[in-house]
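Structural characterization, general
Below, each chain spelled out in residue letters.
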Amino acid sequence: MIIFALRNFKVFIRDRLAIFFSLLSVIIIFALYTLFLNNAWSSALPDGVEGGQALMDGWLMAGILAVVSFTTTMGAYGTMVDDKAKKIYKDFSSSPLKRTSLVGGYIISSYIIGVIMSIISLVFLYIYMMIRDGYFLGWLETLQVFGLILLVTLANSAMVFFITIFIKSNTAFGTVSTVVGTLMGFLAGIYMPIGNFPKFVQGVIKVFPVSHAASLFRRVIMGDLVNKVFLGAPDIYREDFLNIMGVDFAFGDFLILPWMQIVYLIATTLVFYGLSLLIVSLKKQS
Amino acid sequence: MDKILEVEHLKKYYGQIKAVDDISFYVERGKLFAFLGPNGAGKSTTIDIICTFLKPDSGSVSIDGHVLGKDDDAIRSSIGVVFQDGFLDDLLTVEENIKYRGSFYGLKGKELQDAFDRVVEATGVKDFLKRQYKKLSGGQRRRSDIARSLIHTPKILFLDEPTTGLDPQTRKKVWETIVKMQRDLGMTVFLTTHYMEEATEADYVIIIDNGKIAARGTPYDLRKNYANDSLRIEYRDLPTIETILKTNGIDCRIHNGEAIIPLKKTLDALQILDLCKGEIKSFEVLSGTLNDAFINITGKEIRE
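Residues numbered from 1 in each chain as written. Chains lettered and ligands numbered in written order. Predicted model: local features only at pLDDT ≥ 70, side-chain atom pairs only at ≥ 80, totals over all residues.

**Description of the overall build of chain B**
Regarding its fold elements, chain B presents 11 helices and 14 strands. C-alpha extents for chain B along the principal axes are approximately 80 × 45 × 35 Å. Each of the 304 residues in chain B was classed as buried or not, and the buried ones make up 40%. Contacts spanning at least 24 positions in sequence make up 71% of the contacts within chain B whose residues lie at least 6 apart. (Helix = DSSP H or I, 4+ residues; strand = E, 2+ residues; numbered from the N terminus. Buried ≥ 20, exposed ≤ 12 C-beta atoms within 10 Å, placed from the backbone. Contact = placed C-beta atoms within 7 Å.)

**Section: the domain arrangement of chain B**
The domain boundaries assigned to chain B delineate domain 1 (3-223) and domain 2 (228-287). When each unit is reduced to the centre of its C-alpha atoms, the spacing between domain 1 of chain B and domain 2 of chain B is 44 Å. (Domains from an automatic or database assignment.)

**Digging into the pairing of strand S13 (residues 258-263) of chain B**
Residues and elements named next belong to chain B. Bridge count between strand S11 (residues 229-235) and S13: 6 bridges; the pairing is antiparallel. Residue Arg232 lies in a different strand from S13, and its bridge partner there is Ile260. As paired elements, strand S12 (residues 253-255) and S13 share 3 bridges and run antiparallel to each other. For Arg253, the partnering residue across the bridge sits in S13 and is Ile260. (Pairing = 2+ DSSP bridges.)

**A look at the pairing of strand S4 (residues 58-63) of chain B**
Residue and element names in this part refer to chain B. In terms of strand pairing, strand S1 (residues 3-14) meets S4 through 5 bridges, oriented antiparallel. Across the sheet, Lys11 pairs through a bridge with Ser58, a residue of S4. Looking at chain direction, S4 and strand S5 (residues 66-67) are connected through 2 bridges and run antiparallel. Across the sheet, the residue bridging to Ile63 is His66, located in S5.

**Some words on the sheet that holds S4 of chain B**
Residue and element names in this part refer to chain B. The strand order S2-S1-S4-S5 describes an open sheet built from 4 strands, whose pairing is antiparallel. Since the sheet does not close on itself, it has two edges, and those belong to strand S2 (17-28) and S5, each with one partner. Pairing analysis gives 9 bridges linking S1 to S2, with the strands arranged antiparallel. If you follow Val7 over to S2, its bridge partner there is Phe25.

**Things to note about the sheet that holds strand S14 (residues 280-286) of chain B**
All names here are of chain B. The sheet built from 4 strands is open, its strands ordered S12-S13-S11-S14 with antiparallel pairing. Here the strands that pair on one side only, and so sit at the sheet edges, are S12 and S14. The average undirected angle you get between the axes of adjacent strands in this sheet is 25 degrees. Against the sheet, helix H10 (residues 268-276) touches S11, S13 and S14, its axis set at about 170 degrees to S14. (Axes fitted to C-alpha atoms, helices over the stretch in contact; angles between N-to-C directions.)

**Here's the deal with the packing of helix H4 (residues 109-123) of chain B against helix H5 (residues 138-150) of chain B**
Residue and element names in this part refer to chain B. In the contact formed by H4 and H5, the axes pass within 9 Å of each other and the chain directions differ by 140 degrees. Note on packing geometry: the crossing formed by H4 with H5 is right-handed. For the pair H4 and H5, contact is made by Val119, Val120, Ala122 and Thr123 and by Arg143, Ile146, Ala147 and Leu150, respectively. (Left-handed = near helix turned anticlockwise from the far one by under 90°.)

**Overview of unusual backbone geometry**
Backbone phi values are negative for most residues with the exception of glycine, while trans is the configuration of most peptide bonds. Residue and element names in this part refer to chain B. Residue Asp22 is not a glycine yet carries a positive backbone phi of 60 degrees. Assignment of secondary structure puts Asp22 in strand S2. By C-beta crowding, Asp22 is classed as partly exposed, having 14 other C-beta atoms within 10 Å. Notably, Asn256 is not glycine yet its phi reads approximately 55 degrees, a positive angle. Inspection of the secondary structure puts Asn256 in the loop between S12 and S13.

**Regarding the interface of chain B and chain A**
Tallying the contact residues gives 17 residues for chain B and 16 residues for chain A. When contributions to the side of chain B that touches chain A are tallied by element, the ones reaching two or more residues are helix H2 (72-78) and helix H3 (94-103) of chain B. At 4 residues, H3 of chain B tops the list of elements feeding residues into the side of chain B that touches chain A. Among the residues making up the side of chain B that touches chain A, the classes are represented as 10 nonpolar, 2 polar and 5 charged. (Nonpolar A, V, L, I, M, F, W, Y, C, P; charged D, E, K, R; others polar.)

**Quick word on helix H3 (residues 52-85) of chain A**
Residue and element names in this part refer to chain A. Its 34 residues give H3 an end-to-end C-alpha distance of 49 Å, which sits within 8% of 50 Å, the value for a rise of 1.5 Å per residue. Maximum bend of H3: about 30 degrees, positioned at Val67. Here H3 lies mainly inside the structure; 30 of its 34 residues are buried. Remark: Lys87 follows H3 within two positions and exhibits a positive phi of approximately 60 degrees. (Expected span 1.5 Å × (residues − 1). Bend = angle between axes of the 7 residues up to and from the residue.)

**Concerning the environment of Met184 of chain A**
Position of Met184 of chain A among the secondary structure elements: in helix H7 (residues 170-187). Contact partners of Met184 of chain A, with chain neighbours within four places excluded, come to Ser25, Val67, Phe70, Thr71 and Val210 of chain A.

Here it is as structure tokens:
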């Protein structure tokens, strides 16, 4: 299983184009933000607020970390689709390699690729914030972010796996990943803060697991910055800001706590991997 | 007799189409065995069933004592398969490809390295081990495919149209690799082909058509039983020779200044030559080919 995962890993990293496309939606988010959105959102903050820029950059960083493992695990599962499309799996099934090792190998390699790409993005954004805002994430926060990467990649890769097991051709895969990559930025409230959407869309965003991943990242990364920016301001402003930006989520008066979001992500992982494995094993018997 | 592969009453229908229709045969250990047939005759379906990819509707298959459907993993460990199109990874080098696939059979460390060195030697892929698979020529790819299929020293090697799509020179080289390897390693080779030259070199040939076995035997037997020798006479004067042959009730075909006469027995030629003695510029007796046999058996040309 490990060696098969290694093979998948190598096949993916040799494919420069696949890596680029798996990062494309993240690159677009970053470019859109630095070129246009940044001004739009930070102008919404009261003038002369200290640390507003860093706060927005932190918001961007959290959003990117929430989706990057989604799009890159998707790219990694592309190897699985490719093996199906080119019938390479026929060669695998001519060997005594167990089917569980095969499926396990795809999952492991995609997970590792998702984590590695998240860490690369983290380092890049870390340097970006350092240069632009002179802001450093504390050790404790960095450690928390790292933990979140491990968890979020797991949940994201589960959802992606569920999607990819239904895809049989490379063209279909290309289309699906483009659509998903584009939607992702909206569905997780990353292109635009959740507060800018109509109520109905807000509901959809609040159900989508990636939004909760983004929220968790935001809590950790923006925590200190929010305190700094809203120092001395009335609580209501601060609460409004946290709700509009999708740092805190609430259903009516019920405020969602971080542990609930963690549980939600774990449940997402279990449900999607569970369903996928069930479907895969049913397919085998037919 | 030592049978490494035994197939009995194998059937696989797709709706109305009888892809494999009650086929029984066996393969002797250490022999080169050819499955000959036109496209869509059921060759690939039969191979797919034997190699555990497809479930048969009925019938039994046993490979080296392992029963299909019961000991599939044991079967997979004892077979090597070379597919019509190669299934190695384009972006990995030949060495990486062979070693990764080798590890699927539980090979590792020194064991894997030894097996690797052995197949590299047997298939002559040494010169392009470090090249990516996608950058290889057709013949190099094919030899890499064969190297991969040998990594776990299978007891029987299946090759599904191993030389199709290669240019004649490369085809010859790849074929030589297969024959040499079969002799050197004493391995049983089971191949499907639609090239007569290749089938002619096999120890045993089965001709399959419309999912059924149409004929079987050594290439010599098939030729003897299904192909006629023919006598070619270069004549001096066409009307004269035609009259002679016609009055004696002998069929002939005129082609490029030659009269071509099919023979029931080779010795019949003597009598005909005697009759036409004065009209002959030159003559030759051609023995029937496997190709003739094939056409007589299936009623069609092989390369459709």
